[in-house]
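Examining the three-dimensional arrangement
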Amino acid sequence: MAVEYDELVERYLAIWNETDPARRRREIDDLFAAEGRYVDPLVVAEGRDAVDATIAAVQDRFPGMTFRTVGPVDGHHQQVRFAWELGPEGVEAPIAGFDVATVDDDGRLTQVLGFLDRVPVA
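Values in this document were obtained by computation on a predicted structure and should not be read as measured data. Per chain, residue numbering runs from 1 following the sequence as it is written. Note on the predicted model: pLDDT of at least 70 is required for a residue's local features to be given, and 80 or more for side-chain atom pairs to be given and counted; whole-chain, interface and lining totals, by contrast, use all residues. Values reported for side chains reflect all heavy atoms of the structure, with hydrogen atoms and water molecules removed beforehand.

**Quick look at the overall build of the chain**
- A count of helical and extended segments in the chain gives three helices and six strands.
- Taken from the N to the C terminus, the helices and strands of the chain come in the order α-α-β-β-α-β-β-β-β.
- As a reference, a globule follows 2.2 Å times the number of residues to the power 0.38, and the radius of gyration itself is taken over C-alpha atoms. The C-alpha radius of gyration computed for the chain amounts to 14 Å, which stays within 12% of the reference 14 Å derived for 122 residues, consistent with globular compactness.
- In terms of its C-alpha atoms, the chain occupies a principal-axis envelope of roughly 40 × 30 × 25 Å.
- Looking at the chain as a whole, 38% of its 122 residues qualify as buried.
- Looking at the chain alone, contacts between residues at least 24 apart form 45% of all its contacts between residues at least 6 apart. Secondary structure counts use DSSP, requiring at least four H or I residues in a row for a helix and at least two E residues in a row for a strand, with both numbered from the N terminus. With a 1.4 Å probe rolled over the protein chains alone, any residue whose accessible area is under 20% of its type maximum counts as buried; one over 50% counts as exposed, and the rest are partly exposed. Contact definition: two residues touch when any of their heavy atoms are within 4.5 Å.

Okay, structure coming up:
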C-alpha cells in the first residue's frame, strides 16, 4: 500500500484536535495499529486505549488550543517526520515540536515518537 504522508499527518493531527470522545476513538481505531504506541518526553502510551487517554489529557491541559503542521511533511519507506505547533488560532503557538512516525503495510501508525522544541515555563 502506498502511503500518502501528507494525508496521514493531517488525519493524525485531526485526532489530536478532535474533542468528541467517541469520534476521536473511532479515528484512533482506524488510524493506529492495535499495538500502536505514542512516546514523547512526558509519556509512553502503548495501545489505542493509552493513546486515547493521552490525547484526552493533553486536551484537558490545553483547552482551546489546536495542533497544526509547520512546514512540509517528509516521508519515505513507511516512515514520516513533520513539525507541529500547539496553540490558540491567530497567535504564536507556545508549544512546538516534531514527530517521527512509522506505519505498517496497511498504512496504520505503529509508532509515533514526539520531540518537544518549545514548551511554556511553568
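**Some thoughts on a nonpolar patch on the surface**
- Only residues whose relative accessible area exceeds 30% and that form no salt bridge are eligible for patches; like-charged ones are grouped when within 9 Å, while nonpolar side chains (Val, Leu, Ile, Met, Phe, Trp, Tyr) are grouped when within 5 Å. Each accessible area is a Shrake-Rupley result for a 1.4 Å probe, and residues are judged covered by the shown protein chains and nothing else. A side-chain nitrogen of Lys or Arg and a carboxyl oxygen of Asp or Glu constitute a salt bridge if their distance falls within 4 Å. There is a patch of nonpolar side chains on the surface, built from Leu-42, Leu-116 and Val-119 and spanning about 290 Å² of accessible area.
- Among the secondary structure elements, Leu-42 is positioned in the loop between strand 1 (32-40) and strand 2 (43-46).

**Focus on empty space enclosed by the protein**
- Cavity means a closed set of points on a 1 Å grid over the protein atoms alone, one where a 1.4 Å probe fits but cannot get out, pocket means an open set with protein on both sides within 12 Å along at least 5 of 7 lines, and lining means a residue has an atom within 4 Å of a point. Grid points are joined across faces, edges and corners, and a volume is the space filled by probe spheres set on the points. Scanning the entire structure with this criterion turns up one cavity of 30 Å³ or more.
- When its volume is computed, the largest cavity comes out at roughly 30 Å³.
- If you go around the largest cavity, the residues you meet are Leu-8, Val-9, Tyr-12, Val-80, Phe-82, Ala-101, Leu-109 and Val-112.
- Elements with a contribution of two residues or more to the lining of the largest cavity: helix 1 (5-17), strand 4 (79-87) and strand 6 (109-118).
- For the lining of the largest cavity, the element with the highest residue contribution is helix 1, accounting for three residues.

**Structural notes on the environment of Arg-26**
- Here Arg-26 lies in helix 2 (residues 21-31).
- Separated by 30 residues in the primary sequence, Arg-26 and Ala-56 have C-alpha atoms spaced 14 Å apart.

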